[in-house]
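# A closer look at the structure
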Amino acid sequence: MGLAVAWLALAGLGACIDIPNGTPLPGSTAPAPPAYVADTVPPPVILVSIDGARADLIDRGQTSTLAALAADGVRAVSMRPSFPSLTFPNHYTLVTGLTPDHHGIVNNTMEDAELGSFTMGDQAAVSDARWWNQATPLWVSVQEQGRHSATVFWPGSQAPIQGIRPDHWLPFDAKVTPDQRVDTLLGWLDLPGDQRPTFFALYFDQPDHIEREEGPTAAVQIDKALARLVDGLKRRDLFDKVNLVIVADHGMTATAPDRQVVLDDLADAAALHVVATGPLAGLSVAPGRSDVEARLLGRHDHMECWRKSDLPARFRYGANARVPAILCLADDGWVVTTRANLEKHKDKPAPLGDHGYDNASPAMRALFVAHGPAFRHGAVVPEFPNLDVYPLLVRLLSIEGERNDGHVEDVLPMLQPGY
Ligand SMILES: [Zn+2]
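Residues numbered from 1 in each chain as written. Predicted model: local features only at pLDDT ≥ 70, side-chain atom pairs only at ≥ 80, totals over all residues. Heavy atoms only, no water.

A sheet is described by the order of its strands in space; here five strands give the open sequence β11-β12-β15-β14-β13, paired in antiparallel fashion. Both outer strands of the open sheet, β11 (272–276) and β13 (298–300), are each paired with one neighbouring strand and no more. Taken over all neighbouring pairs, the strand axes of this sheet differ in orientation by 25° on average, direction set aside. (Pairing = 2+ DSSP bridges. Helix = DSSP H or I, 4+ residues; strand = E, 2+ residues; numbered from the N terminus. Axes fitted to C-alpha atoms, helices over the stretch in contact; angles between N-to-C directions.)

Below, the structure is given as structure tokens:
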């Protein structure tokens, strides 16, 4: 079975990057099966996301566990999020290898002609597979190929996407602490061999939330939870056998209450249907109000607006029907809002930081650290797009992946020879 799985993986890989099956990949002339294929099951892969952890988090001296994992493993100078640099779109990119345009989770807040509206806090919407079914996440492929998977709060994991949920999953509950999340995962590692998952996805949301309100101590809390994970793996004699991939969905930049672009000041708000506000606003203009559209489109102080079809090509965004007709992107540190939105949130403290900006912005750069038998020791690799995480995971798991927008050759330099 092992060899067959390895060859399936290589065939899938070929499909991913548009190379005919069987053609050697660039830079990998010897497609020998990885060493672990001798086992019936490859080593577990644990994918960890730290929401909003910027690439430079590791340099602040607060995260000794992350630093130790990077020193004995791999870190990237940074990982480039996909556009828009928002939480749900990027978490789905990480487990599908697809741009948000291609996987359909185009924003944290979006509308669909048939499904209505989607917000991150709407449990009915996030559990409705129809929002997610434009793609197939990794855990579905893992299970379809006879293995088991387990997720702790990964966006999308509470919906039966393509009819399948992870074998083990939990409905999102922000009150579950980072330590409790780790303990849940470790408990699943203790399942008997034939039931033990080979793919785990663990989500930490704290920095994105806490750093806005309480300062940088959240990073310390997450690092302690990572130490608990490492300790739990060591006690099970698994630390050197598990491939651990730690990522962030996007970075973060400081905002301020006086850095707001109010759309009402530019155009007749009564003619606007605003779907999303923030660093990236999405909206449509009432039929017959081309005057309003003309006033919005183009460059303004601290913001630029485009028709979805006219966005810069490098964003790889705007083709999906769920993307609103007009996008207004704020300059770093600014947000786009409306009078109605300001009124609605007037009693809430303004966030201290935000994300969703140009995905090439240095502040949006995300963390990437990996450790385990597949990874080199002490290697630092250049920035790569987060689209590449999916083909990396497919390779580590030795499964057949779905067609995707990533390029595994971008991440091969971080792997040990033979992987
Ligand atoms: Zn996020």
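That covers the picture; the talk isn't over yet.
With that settled, the discussion passes to the sheet that holds strand β19 (residues 379–381). The sheet built from seven strands is open, its strands ordered β6-β7-β1-β8-β18-β2-β19 with mixed pairing. What marks the edges here is a single partner per strand, and that holds for β6 (149–152) and β19. Ignoring which end each strand starts from, the neighbouring axes of this sheet average 15° apart. For β6 and strand β7 (residues 199–204), the ladder comprises four bridges, and the chain directions are parallel. Paired with V152 across the strands is L202, a residue of β7. Where helix α2 (residues 64–72) meets the sheet, it contacts β1 (45–50), β2 (74–76), β8 (243–247) and β18 (368–371), and its direction lies at approximately 60° from that of β18. Against the sheet, helix α13 (residues 389–397) makes contact with β1, β7, β8 and β18, and its axis sits at roughly 155° relative to β1, the strand it touches most. (Contact = heavy atoms within 4.5 Å.)

So, about the state of the cysteines. Inspection of the entire model under this criterion finds one disulfide. Here C305 connects covalently by a disulfide to C328, the sulfurs 2.2 Å from one another. Here the S-S torsion is close to 110°, and the disulfide linking C305 with C328 is therefore right-handed. With C305 in strand β14 (residues 303–307) and C328 in strand β15 (residues 326–330), this pair connects stretches of sequence that are 23 residues apart. (Disulfide = S-S within 2.5 Å.)

With that settled, consider the pairing of β6. A two-sided burial pattern is seen for β6, the buried positions comprising S149 and T151 on one face and A150 and V152 on the other. Read as a crossover between parallel neighbours, the route from β6 over helix α8 (residues 178–189) to β7 is right-handed. (Buried < 20%, exposed > 50% of the residue type's maximum accessible area, 1.4 Å probe, protein only. Right-handed = clockwise from strand over helix to strand, strands pointing away.)

This part covers the pattern of salt bridges. Per the counting criterion, the structure on display carries 24 salt bridges. Note that R365 is salt-bridged to E383, the shortest N-O span being 3.5 Å. In this pair, R365 sits in the loop between β17 (353–354) and β18 while E383 sits in the loop between β19 and β20 (384–385), placing the two residues 18 residues apart along the sequence. Residue classification places E383 among the partly exposed residues on the basis of a relative accessible area of 31%. Connected via shared salt-bridge partners are D268, R289, D291 and R295. (Salt bridge = Lys/Arg side-chain N within 4 Å of Asp/Glu carboxyl O.)

This part is about the packing of α2 against helix α10 (residues 217–235). Two numbers describe how α2 lies on α10: the axes approach to 7 Å, and their chain directions differ by 50°. Between α2 and α10, the angle is such that the two are oblique. Residues S64, T65, L66 and L69 of α2 pack against D223, L226, A227 and V230 of α10. For the contact of α2 with α10, a count of residues per class yields five nonpolar, two polar and one charged. (Parallel < 35°, antiparallel > 145°, perpendicular 65-115°, else oblique. Nonpolar A, V, L, I, M, F, W, Y, C, P; charged D, E, K, R; others polar.)

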